[in-house]
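Remarks on the overall topology
One letter stands for each residue in the lines below.
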Amino acid sequence: MNDTLYVNAALCRNTQRPPIWMMRQAGRYMKEYRAIRERYSFLEMLRLPELAAEITLQPIDAFGMDAAILFSDILVTAEALGASLSFTEGKGPVFSQPIRSGQALALLNGTDIELKLSHIFEEIRLLLPELEKRQVPLIGFAGAPFTVASYLIEGQSSSSLKIVKQLLYSDPAFVHGLLELLANVTVRYLNGQIRAGVHALQIFDTWAGLLSWEDARVFSVNYIADIISRLDNPANIPVTVFCKGSSAFYPMLAGTGAQVIGLEWQADLKRVREEIGPAVALQGNLDPYLLYAPDEVLRDRVNRILSDMAGDSGFIFNLGHGIMPDMSPEKVRLVVETVQSFSVNSSLSVSNRMP
Ligand code: CP3
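Residues numbered from 1 in each chain as written. Predicted model: local features only at pLDDT ≥ 70, side-chain atom pairs only at ≥ 80, totals over all residues. Heavy atoms only, no water.

The subject of this paragraph is the sheet that holds strand E5 (residues 200–205). Two strands in a sheet stick together by hydrogen bonds in their backbones, pointing the same way (parallel) or opposite ways (antiparallel). Strand order in this open sheet of seven strands is E1-E4-E5-E6-E7-E8-E9, and the pairing throughout is parallel. For this open sheet the edge positions go to strand E1 (68–69) and strand E9 (315–319), each flanked by a neighbour on one side alone. Across five bridges, the pairing between strand E4 (residues 138–143) and E5 is parallel. Counterpart to Phe-141 in the pairing with E5 is Gln-202. (Pairing = 2+ DSSP bridges. Helix = DSSP H or I, 4+ residues; strand = E, 2+ residues; numbered from the N terminus.)

Okay, here's the thing in structure tokens:
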């Protein structure tokens, strides 16, 4: 698995076409997923290793992506600390008792993390032989402390992070206490995934993009760099940092020790490559909403990215964020096929090329 397109590109040594996978590649847009979801709640699906492993493989078997991502959620670390997580239809994740004070923080319990998350390590062990057969590497993941803390503090998804920001400025010591606890738990969780055998890791920081440069450094990026430096990673499996906000923060993200930066769709991949040099791989960054576009438009935009990054030994094709539940599987198939039929040497005719 060290010689797959995905791992080679993550380590900036790919000489063939770019690999492709998609964030949220397993999920409600697939009928195979919905068939299981009819019988189980989302949390049950996360907790049953056989089921979670089956769901991980669904998009691989349906569309043939070049990497699989563990089916789980970033909020499992918060739940393992004892926070009461539920998923509400139409509202997403909800913590019924938000963590907004030192007293609430003191009730979280960071012991026995490996035991509490052992079903995920079991899921990894079940997946490895299946993925070996398909020659597809497995990406493990965790949420970045700042994003997980945002859910714990707000109690639910928030597009402004108003309460988080109030606390950042009024009680930074409390916020750092929570971030430190989450960083410690995340190191143990990711080290458990490495021991179980994942071939790569990704850290998701969905909400850092709402912060200023300086706050992103202090409350988000520093913790990611700390986590990466504390990984027990003897085989040097590649680590990706994906951040909403990466089009502003990529110079900072390049210094975290991550091998790959996952870029949101606002970024100009070519410019990012020129600015940060050849040592860090780039992943991204098709606007996921292009999956609602007509086939010709979608194909053209995929080809623009492919031709921009043609010959780049460290490029992984992905979306700039996740697939939405109402997207068409046929559009996903079209993107995968377009990337996989790209030949490094072919001269593409891309219509309406912008200067
Ligand atoms: O990418 C993958 O296919 C792997 C699995 C995965 C899920 N969530 C499955 C999921 C991963 C990597 C995540 C990460 C995740 N979870 C993030 C970071 C990435 C991002 O999208 O920004 C975040 C912020 C979460 C928290 C979370 N979990 C949200 C906001 C939601 C959406 C709620 C909704 O109803 O849309 C979830 C639920 C979730 N996570 C689903 C899936 C397949 C849908 C659950 C269902 O079936 O109802």
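Turning our eyes to something else, we now look at the site of the ligand. In the vicinity of the ligand there are 23 residues, among which Arg-24, Arg-28, Tyr-33, Asp-73 and His-321 approach most closely. One nitrogen or oxygen atom from the side chain of Arg-37 is found 2.7 Å from an oxygen atom belonging to the ligand. Within the side chain of His-321, an N or O atom sits 2.6 Å from an oxygen atom of the ligand. About the coverage of the ligand: the protein hides 90% of its 880 Å² of free accessible area. Residue assignment for the shell around the ligand shows that the elements contributing at least two residues are helix H2 (31–37) and strand E3 (92–95). Tallied by class, residues from the shell around the ligand come to 13 nonpolar, six polar and four charged. (Near = heavy atom within 4 Å. Polar contact = N/O pair within 3.5 Å; in protein donor to acceptor, adjacent residues only side chain to side chain. Areas by Shrake-Rupley, 256 points an atom, 1.4 Å probe, with all protein chains shown as cover. Nonpolar A, V, L, I, M, F, W, Y, C, P; charged D, E, K, R; others polar.)

So, on to the pairing of strand E2 (residues 85–88). Across four bridges, the pairing between E2 and E3 is antiparallel. Bridge pairing in E3 links Ser-86 to Val-94. Where E2 hands over to E3, the hairpin turn is made up of three residues, of which Gly-90 adopts a positive phi near 85°.

With that settled, the discussion passes to helix H8 (residues 118–134). The first and last C-alpha atoms of H8 sit 25 Å apart over 17 residues, in line with the 24 Å expected at 1.5 Å per residue. Along its length, H8 shows its largest kink, about 30°, at Leu-128, and proline Pro-129 lies within four residues downstream of that point. If you check which residues of H8 are buried, you get His-119, Ile-120, Phe-121, Glu-123, Ile-124, Leu-127 and Leu-131. Just downstream of H8 lies Gln-135, where phi reads positive at about 55°. (Expected span 1.5 Å × (residues − 1). Bend = angle between axes of the 7 residues up to and from the residue. Buried < 20%, exposed > 50% of the residue type's maximum accessible area, 1.4 Å probe, protein only.)

From the geometry alone we can't say anything about function, so treat these as descriptive.
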